[in-house]
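Observations on the model geometry
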Amino acid sequence: MNPDVVNSSDGTPPPRAAKRVTKAVIPAAGLGTRFLPATKAQPKEMLPVVDRPAIQYVVEEAVAAGIDDILIITGRNKRSLEDHFDRNFELEYLLESKGKMEELSEVVELADLADIHFVRQGEPLGLGHAVSVARKHIGDNPFVVMLGDDIMTHRPPLISEMMDLHGRTGGSVIALKEVPHEEISLYGCAEPGERDGDVVEFRGVVEKPAPEDAPSNLAVVGRYLFTPRIFEFLEDAQPGVGGEIQLTDAMDKLLAVEPMHGLIFESGRYDIGQKIDFLRATVEMTLERDDLGPEFASFLARLVAERGLT
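Rules of the game
- Here, residues in each chain are numbered from 1, in the same order as that chain's written sequence.
- Local features in a predicted model are, by the rule used here, given only for residues with pLDDT of at least 70; side-chain atom pairs are given and counted only at 80 or more, and totals for whole chains, interfaces and linings are based on all residues.
- In computing side-chain values, all of the structure's heavy atoms are included and hydrogens and water are not.
- Working definition: helices are DSSP H or I runs of at least four residues, strands are E runs of at least two. Numbering for both runs from the N terminus.
- Here the globule rule reads 2.2 Å times residues to the power 0.38, and the radius of gyration is calculated from C-alpha atoms.
- Here, residues are in contact when the closest pair of their heavy atoms is within 4.5 Å.
- Note on areas: Shrake-Rupley, 1.4 Å probe, and residue coverage restricted to the protein chains presented here.
- Accessible area is worked out with a 1.4 Å probe on protein chains only. A residue is then buried under 20% of its type maximum, exposed over 50%, and partly exposed in between.
- Pairing between two strands is assigned when DSSP locates at least 2 bridges connecting them.
- Note on ring pairs: Phe, Tyr and Trp rings are taken, using the six-membered ring of Trp, and paired if centres are within 6.5 Å. Classes follow the plane angle, with under 30 degrees stacked, over 60 edge-to-face and the rest tilted.
- Take the buried residues of types Ala, Val, Leu, Ile, Met, Phe, Trp, Tyr and Cys, join any two whose side-chain atoms come within 4.5 Å, and each joined set is a nonpolar core.
- Confidence of the prediction at every residue is given by pLDDT, a number between 0 and 100.
- Every axis in this analysis is a line fitted to C-alpha atoms, fitted for helices over the stretch in contact. Angles between the N-to-C directions lie between 0 and 180 degrees.
- Any angle from 65 to 115 degrees is called roughly perpendicular, while one under 35 is roughly parallel, one over 145 is roughly antiparallel, and all others are oblique.
- Crossings are classed by handedness, with left-handed meaning an anticlockwise turn of the near helix from the far one by less than a right angle and right-handed meaning a clockwise turn.
- As a working rule, the residues Ala, Val, Leu, Ile, Met, Phe, Trp, Tyr, Cys and Pro are called nonpolar, Asp, Glu, Lys and Arg charged, and the rest polar, with Gly in that last group.

1. Things to note about the overall build of the protein
Each helix and strand in the protein was counted, giving 11 helices and 13 strands. The globule rule puts the C-alpha radius of gyration for 310 residues at 19 Å, and the 21 Å found for the protein is close to it. For the protein, contacts bridging at least 24 residues in sequence account for 74% of all contacts bridging at least 6. Surface summary for the protein: the accessible area is close to 16,500 Å², and the carbon and sulfur share equals 50%.

This is the structure:
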């Protein structure tokens, strides 16, 4: 069917079919100050959760959703991110010579997960600026933004559901989570419209409002799907809250020209930039492992009994 044919029922053209989402942007240029001194000489995204760095979980989530083109936005002292997803022939030779074929397979597969590219954000000017750096790579395509220190354990991946919603609406889709009202000042906050199950209309977004000024308790967290029009509003963006280029400011302007929806989820998110979430992720994700879970569960049970934590 010609997408420009007018819908005879109301005189408006039907929505164009949304392009399939195949590209992801992972901002990973932050300084990780909440985790000093551990992040003084290594990126926070490379902090290990069980036996792999946090950012690997994010890349694997994108791949599981069918995304095969990933751009990681880095900064100074982030070279280890590139090294992690590159081949290491000396290590591979050593593992093969020692007959450690399972470990060899894991390190070789890292380089084949997807087409992974890297670009530097020259200055730490905020999340909005980091996303704007991706404009040439993204071109005229929809794309997802996945924060490099947010691990999502949903199965199927939350971004798969966001991509499905984008396919139905043609607009941008934002992951939302209900948080205690007193914590909303830590997040971008959605001004919601009509809600249908876990899908809500976006009518506005406010960056880190005081609880008494917040339009809802729906926090913008960790996963975004944008049409390329977001770049129009990032290009001329001015510093906002905290003196940084805020992604939420550009989102608010995008709302004036195209629809935007939120997809609400309840659990399965770890912000490993927060120490308590880093510890939660390590414990809970270890318990889910077939090779480590049973032994670790026994240890935790003994520890709880010994320390009277029940």
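Right, picking up where we left off after that structure.
2. Side note on the pairing of strand E11 (residues 218-226)
For E11, the buried fraction is high: 9 of the 9 residues fall into the buried class. As judged from the 4 bridges shared by strand E6 (residues 143-146) and E11, these two strands associate in the antiparallel manner. Each residue of the ladder has a partner; that of Met146, found in E11, is Arg223. Pairing geometry for strand E8 (residues 172-178) and E11, over 5 bridges, is antiparallel. Within E11, the residue paired with Glu178 across the bridge is Leu218.

3. Quick notes on the packing of aromatic side chains
Under the criterion given, the structure shown has 5 aromatic pairs. Look at Phe143 and Phe226: their rings are 6.1 Å apart centre to centre, the planes differ by 50 degrees, and that puts the pair in the tilted class. Taken together, the residues Phe143 in strand E6 and Phe226 in strand E11 connect sequence positions 83 residues apart. Given a relative accessible area of 0%, Phe143 falls into the buried group. Residue Phe226 is classed as buried on the basis of its relative accessible area of 0%. Measuring from centroid to centroid gives 5.7 Å for Tyr224 and Phe226, while their planes differ by 20 degrees, and the two rings are stacked. Judged on exposure class, the residue Tyr224 and its partner Phe226 are both buried. Ring pairs connect the aromatic residues Phe143, Tyr224, Phe226 and Phe231, which therefore count as one cluster.

4. With respect to the pairing of strand E1 (residues 23-27)
Across a regular strand the side chains alternate sides, sitting on one face of the sheet and then on the other. Along E1, 5 of the 5 residues are buried, which leaves the element largely enclosed by surrounding structure. Burial along E1 is two-sided: Lys23, Val25 and Pro27 facing one way and Ala24 and Ile26 facing the other are all buried. Looking at chain direction, E1 and strand E4 (residues 69-74) are connected through 5 bridges and run parallel. Counterpart to Ile26 in the pairing with E4 is Ile72. Across 2 bridges, E1 lies against E6 in parallel orientation. Across the sheet, residue Ala24 finds its bridge partner in E6, namely Val144.

5. A short note on the nonpolar core
Proteins that are soluble and globular tend to have nonpolar side chains buried together. Of all hydrophobic cores here, the largest spans 39 residues; its most connected members are Ile26, Ile55, Ile67, Ile70, Ile72, Met146 and Met162. For this core, the secondary structure elements donating two or more residues are E1, helix H1 (54-64), E4, E6, helix H7 (158-169), E8, E11 and strand E12 (260-265). Ignoring any residue separated from it by four or fewer positions in sequence, one finds Ile55 in contact with Ile26, Ala28, Glu45, Met46, Ile72, Leu81, Phe85 and Gly148. Membership of the second largest hydrophobic core comes to 31 residues, among which are Leu218, Val220, Phe231 and Met260.

6. A few points about the confidence of the model for the protein
When pLDDT is averaged along the protein, the result is 87, and 93% of the positions lie at 70 or above. The low-confidence segment residues 1-15 (pLDDT under 50) makes 12 contacts with residues lying over four places distant or belonging to another chain.

7. Digging into the environment of Lys208
Mapped onto the fold, Lys208 is located in the loop between strand E10 (199-207) and E11. Look at Lys208 and you get partly exposed, because its relative accessible area is 43%. Separated by 74 residues in sequence, Lys208 and Thr282 place their C-alpha atoms 28 Å apart. Dropping the residues within four chain positions of it, Lys208 is found in contact with Ile184, Ser185, Leu186, Tyr187 and Gly188.

8. Focus: the packing of helix H3 (residues 89-97) against helix H4 (residues 101-110)
Where H3 meets H4, the closest approach of the two axes is 8 Å, and the angle between their N-to-C directions is 160 degrees. Taken together, the axis directions place H3 and H4 in an arrangement best described as roughly antiparallel. Of the two elements, H3 crosses H4, and the hand of that crossing is left-handed. Where H3 abuts H4, its residues Leu91, Glu92, Leu95 and Glu96 lie against Met101, Glu103, Leu104, Val107 and Val108. Looking at the contact of H3 with H4, its residues break down into 6 nonpolar, no polar and 3 charged.

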